[in-house]
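Descriptive analysis of the structure
In case you want the letters, here they are:
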Amino acid sequence: MFDPQTYSQRRQKLAESVGGGVVLLLGHSHSPMNYADNYYPFRQDSTFLYYIGLDQPDLAAVIDTDSGRTTVFGHPPTVDDVIWSGPQRSLNQLAQLTGADLAAPIRSLQRSLDRAKKQVRPVHFFRPCRAATGNWLTALLGPDAEGGVSGELIAAIVAQRLIKEPQEVAEIESALEVTARMHIDAMRLAAPGIVEGVIAGHVESLAIAHGARLAYPCIFTRHGEVLHNHSYHHKLKAGDLVVHDSGASSRRHYASDITRTIPVSGPFNERQRTVYHAVLTALEGAMEQIRPGIRYRDIHLDAARSITCSLQQAGLMKGDLEESVAEGAHGLFFPHGLGHMMGLDVHDMENLGEDRVGYDTDTQRVNQFGLRSLRLGKFLESGHVLTVEPGCYFIEALIDQWQQQKRHERFINYAEVRRWCGLGGVRIEENVVVTPDGHRILGPPIPRSVEDVECACQTELN
Ligand code: GLY
Ligand code: MN
Ligand code: MN
């Protein structure tokens, strides 16, 4: 946890933004795999972590925005808890850790909410992402839990969590120290004959060894054209290209999210190098533009322009560059967005609504293939932490579909594209904080240039 003042100051700010009534924050419970006592590793709700910081199941908190007082609700520990789960903190100790005013047994939460309702004071809450927490909310608030989500609360939380405190950026950078090791080791381990899972397992072991976890399931695949490929059963072959997207989370659960693309046998072949270079040029061009006041959608479109230009030079695309980008022809190769906000969640706060985080009244989501998958489109501000992750893929099913539909024939050389099928995909991803006068790439450098990646891939892990 951070110090108690961090949490009380965050809550005070939230109370000022919401203005009136009480805010109900529900923590997560254990999430069973298939029966109650066999559960997934515990992960606290991120908003609860942000305002309360307590990292254990079955807690709730009520912030009275009028008095400024916070009550933490939980189960007073029993001897059974100590037997099965080790030493436990008392509720008062938990309240102290988060700078709360009061601690109370969880059974009194209902009374506290009923009292607020009786006094006709608004109870602000958001709909939890997990069904079990949603059921708890419904049990506490009745039918109000369905319709009464507080847009005011969500807007206040999003506004506050979007601007990262220096200590939050430091957490992300501590996660990136581990992530850098994960990626460098993976480059050194990737070799013909090794099964993907051996390297994915090593990557995860590094996160655990550092007292952390992965922020999301590792992608380590020779089929990088499958964007969310979580299978690891292929044996690597000479000439393969592997997409490796993985990031550790810090001990306080801040995420990192890095992608590198690895030539298994060391040097890239000519086509791989061409595509890698296209993606790298788009990435570096995009990062250069990051500063407060620029719209991220414009940077995304510029990356699309850059990739289109490179693919035209390679003979895969053709026609007028501006028209091609305006019509979205590059979506065949680059079907996802340039990036997303990152923080306690790898896609930060998406449970509160993707558009509430990445868009606003000045920037609405565009429903064009490719652009509609852009999670972050709005103007950047100092303190935003985001990813930059252009990619270029050869997705046969999509190529088949578009070619049959004669889609964007003016801009795509389908005959040439067919020759490149089997290359898989290339994605390169960095994490960046927006600063008052520009940006800073977070974490230690991880090989990224063609030469540095080839060199790391040709070095053995000692
Ligand atoms: N690793 C998830 C993403 O890049 O968005
Ligand atoms: Mn990402
Ligand atoms: Mn990623």
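This report concerns the structure included in the present document. (Residues numbered from 1 in each chain as written. Chains lettered and ligands numbered in written order. Predicted model: local features only at pLDDT ≥ 70, side-chain atom pairs only at ≥ 80, totals over all residues. Heavy atoms only, no water.)

Another aspect to go through is the coordination of the manganese ion (ligand 3). Those donors, Asp 245 (OD), Asp 245 (OD), Asp 257 (OD) and Glu 429 (OE), are the protein atoms that reach the manganese ion (ligand 3), and they lie 2.1 to 2.3 Å from it. Metal-centred angles of 56 to 168° between the six donor atoms at the manganese ion (ligand 3) mark the site as irregular. Summarised as a motif, the one-chain spacing of the donors to the manganese ion (ligand 3) is D-x11-D-x171-E. Taken as a pair, the manganese ion (ligand 3) and the manganese ion (ligand 2) show a spacing of 3.3 Å, with Asp 257 coordinating each metal. (Donors = N, O, S within 2.8 Å, 3.2 Å for Na, K, Ca; no water. Tetrahedral: all angles 85-135°; square planar, octahedral: opposite > 155°, others 65-115°.)

Glancing now at the environment of Trp 136. Inspection of the secondary structure assignment puts Trp 136 in helix H6 (residues 131-141). Each C-alpha atom, one on Trp 136 and one on Ile 208, is 31 Å from the other, the two residues being 72 residues apart in sequence. Setting aside residues no more than four positions away along its own chain, Trp 136 makes contact with Leu 26, Gly 27, Leu 59, Ala 60, Ile 106 and Leu 109. (Helix = DSSP H or I, 4+ residues; strand = E, 2+ residues; numbered from the N terminus. Contact = heavy atoms within 4.5 Å.)

For a metal bound by four donors in a tetrahedral arrangement, the ideal donor-metal-donor angle is 109.5 degrees, while six donors in an octahedral arrangement ideally sit at 90 or 180 degrees. Protein ligation of the manganese ion (ligand 2) involves Asp 257 (OD), His 340 (NE2), Glu 389 (OE) and Glu 429 (OE), the donor distances falling in the range 2.1 to 2.2 Å. Note that the manganese ion (ligand 2) binds six donor atoms; their angles at the metal cover 49 to 158°, and the shape is irregular. Along the chain, the residues that donate to the manganese ion (ligand 2) are spaced as D-x82-H-x48-E-x39-E. Under the relative-accessibility criterion, Glu 389 is labelled buried at 9%. (Buried < 20%, exposed > 50% of the residue type's maximum accessible area, 1.4 Å probe, protein only.)

As a working rule, side chains carrying opposite charge can pair if their charged atoms are close by. A complete count under the given rule lists 27 salt bridges for this structure. The salt bridge partner of Asp 345 is Arg 161, with a shortest N-O separation of 3.4 Å. Placement of the pair is Asp 345 in the loop between helix H13 (321-327) and helix H14 (354-358) and Arg 161 in helix H8 (residues 151-162), with a sequence separation of 184 residues. Here Asp 345 falls in the buried class, since its relative accessible area comes to 18%. The class of Arg 161 is buried, set by a relative accessible area of 2%. One network of salt bridges, with partners in common, ties together Glu 350, Glu 354, Asp 355, Arg 365 and Arg 375. (Salt bridge = Lys/Arg side-chain N within 4 Å of Asp/Glu carboxyl O.)

With that settled, consider helix H1 (residues 4-18). Given a rise of 1.5 Å per residue, 15 residues ought to cover 21 Å, and the 21 Å separating the end C-alpha atoms of H1 matches this to within 8%. Three or more residues of H1 are buried, namely Thr 6, Tyr 7, Arg 10, Arg 11, Leu 14, Ala 15 and Val 18. The buried residues of H1 occupy an angular sector of 165° when the element is viewed end-on, so they sit on one face. Those residues of H1 that are exposed and aimed more than 90 degrees away from the buried face are Gln 9 and Glu 16. Of the residues flanking the end of H1, it is Gly 19, one or two places downstream, whose phi is positive at about 60°. (Expected span 1.5 Å × (residues − 1). Arc of directions from axis to C-beta.)

Attention now moves to unusual backbone geometry. For Val 120, which is not glycine, the phi dihedral falls at a positive 55°. Inspection of the secondary structure assignment puts Val 120 in the loop between helix H5 (109-118) and strand S7 (123-124). Its identity as a non-glycine residue notwithstanding, His 408 has a phi of 50°, on the positive side. You can see His 408 is positioned in the loop between helix H15 (396-404) and helix H16 (414-420). You can call His 408 buried: its relative accessible area is 16%.

With 18 residues, helix H12 (residues 296-313) ought to run about 26 Å at 1.5 Å a step, and its terminal C-alpha atoms sit 26 Å apart, in line with that. Within H12, the full set of buried residues consists of Tyr 296, Arg 297, Ile 299, His 300, Leu 301, Ala 303, Ala 304, Ser 306, Ile 307, Thr 308, Ser 310 and Leu 311. Turning to H12, the residues buried within the fold contact helix H11 (270-289), H13, strand S13 (385-388) and strand S14 (391-393). Of the residues flanking the end of H12, it is Gly 315, one or two places downstream, whose phi is positive at about 85°.

Now for the sheet that holds strand S6 (residues 102-105). If you walk across this open sheet you meet the five strands as S6-S5-S4-S1-S7, and the pairing is mixed. A single partner strand is all that each edge strand has here, and the edge strands are S6 and S7. With four bridges connecting them, strand S5 (residues 70-74) and S6 associate as parallel partners. Within the sheet, the bridge partner assigned to Gly 74 lies in S6 and is Pro 105. (Pairing = 2+ DSSP bridges.)

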